[in-house]
Amino acid sequence: YREAASRLAESAYEQVVDVVATARRLPAQRVRELVDAAPLSAGEAREAGLVDRIGYRDEVYADVRRRVGEDVRLLYLGRYRRGRAPARMLGRVRRRRRPVVALVTVAGAIQQGRSRRSPLLPTAGAGSDTIGAALRSAGRDDAVKAVVLRVDSPGGSYVASDVIWREVEQLRTAGKPVVASMGDVAASGGYFVSVGADAIVAQPGTITGSIGVYS
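The rules behind these values
- Residues numbered from 1 in each chain as written.
- Predicted model: local features only at pLDDT ≥ 70, side-chain atom pairs only at ≥ 80, totals over all residues.
- Heavy atoms only, no water.
- Helix = DSSP H or I, 4+ residues; strand = E, 2+ residues; numbered from the N terminus.
- Buried < 20%, exposed > 50% of the residue type's maximum accessible area, 1.4 Å probe, protein only.
- Contact = heavy atoms within 4.5 Å.
- Areas by Shrake-Rupley, 256 points an atom, 1.4 Å probe, with all protein chains shown as cover.
- Phe/Tyr/Trp six-rings, centres within 6.5 Å; stacked < 30°, edge-to-face > 60°.
- Salt bridge = Lys/Arg side-chain N within 4 Å of Asp/Glu carboxyl O.
- Polar contact = N/O pair within 3.5 Å; in protein donor to acceptor, adjacent residues only side chain to side chain.
- Pairing = 2+ DSSP bridges.
- Right-handed = clockwise from strand over helix to strand, strands pointing away.

Structural notes on the overall build of the protein
Inference 1: Broken down by element type, the protein carries 10 helices and 7 strands.
Inference 2: Looking at the protein residue by residue over its 215 residues, the buried ones come to 26%.
Inference 3: Taking all contacts inside the protein whose residues are at least 6 apart in sequence as the whole, residues at least 24 apart take part in 56%.
Inference 4: Summed over all atoms, the accessible surface of the protein reaches about 15000 Å², with 54% contributed by carbon and sulfur.

Encoded structure:
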């Protein structure tokens, strides 16, 4: 277990070093030295090449406006996401029924029943009933031409995972391709529901595989 845990930490460290070295055009050994010397002050980080510039909030905003124009409206990402299209635009989209890709999310521990939310854990549980219904809905909708199954789960109930796997299999049988997109973790049941897809996209740092392989 110690060897497995140590290797997991080393792997994450190696990925961080590689990404920073590539992005900042620094030798990997230099990045390791900077990590060992941390924490660095803002000035030290700039001198080392980790930071381009140091400034205040108003200076950042002023720079953005210089680049995109003085009359633009700047929005926080959360407010940008909450923006809704005018009703007439939504109606036009519905009438045209253009082909779409459906996104079904499996986030949190996989469990039987409906997905649950918690004030403390926004992704407290991925319920097989809820996810299965979403996959079936995508299968019945003629506008849906493919499905992305976004998985960020450490697993959970075998039975619930098997139910989700079956719905993925049914989608593929119906001729709708399914692509599994793995997040930070797609282990055990999260791995199980992914392997039925036509293709799997994982990040270099994704922790995946059966629980036996991982632990």
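Brief notes about the packing of aromatic side chains
Inference 1: As enumerated under the stated definition, the model contains 2 aromatic pairs in all.
Inference 2: Each ring, one from Tyr158 and one from Phe192, has its centre 5.5 Å from the other, and the planes form 25 degrees; the classification is stacked. Taken together, the positions of Tyr158 in helix 8 (residues 158-173) and Phe192 in helix 9 (residues 189-194) put the pair 34 residues apart, joining distant regions of the chain.
Inference 3: Relative accessible area serves as the criterion here: at 56%, Tyr158 is assigned to the exposed category.

Details of the pattern of salt bridges
Inference 1: Applying the stated criterion to the full structure yields 9 salt bridges.
Inference 2: Residue Arg53 is joined to Asp63 by a salt bridge in which the shortest nitrogen-to-oxygen separation is 3.4 Å. With Arg53 in the loop between helix 3 (42-48) and helix 4 (57-68) and Asp63 in helix 4, this pair connects stretches of sequence that are 10 residues apart.
Inference 3: The exposed category is assigned to Arg53, whose relative accessible area is 54%.
Inference 4: Since its relative accessible area comes to 14%, Asp63 is described here as buried.
Inference 5: Linked by salt bridges that have partners in common, Arg53, Asp63, Arg66 and Arg67 make up one network.

Details of the side chain of Glu167
Inference 1: Mapping Glu167 onto the fold places it in helix 8.
Inference 2: Residue classification places Glu167 among the buried residues on the basis of a relative accessible area of 14%.
Inference 3: Polar side-chain contacts of Glu167 include one of 2.9 Å to the side chain of Arg136.
Inference 4: Each residue touching Glu167, except ones within four places of it in the same chain, is listed here: Gly132, Leu135 and Arg136.

Observations regarding the pairing of strand 5 (residues 178-187)
Inference 1: Within strand 5, 7 of the 10 residues are buried, which leaves the element mostly enclosed by the surrounding structure.
Inference 2: Relative to strand 5, strand 4 (residues 144-153) runs parallel, the two being bridged by 6 bridges. Residue pairing across strands places Val148 opposite Val179, the latter belonging to strand 5.
Inference 3: By the bridge criterion, 3 bridges tie strand 5 to strand 6 (residues 199-201) in an arrangement that is parallel. The residue bridging Val179 from the neighbouring strand is Ala199, located in strand 6.
Inference 4: Handedness of the crossover is the feature at issue here: the chain leaves strand 5, passes through helix 9, returns alongside strand 6, and the resulting connection is right-handed.

Fair warning: the whole summary comes from geometry, so function is off the table for now.
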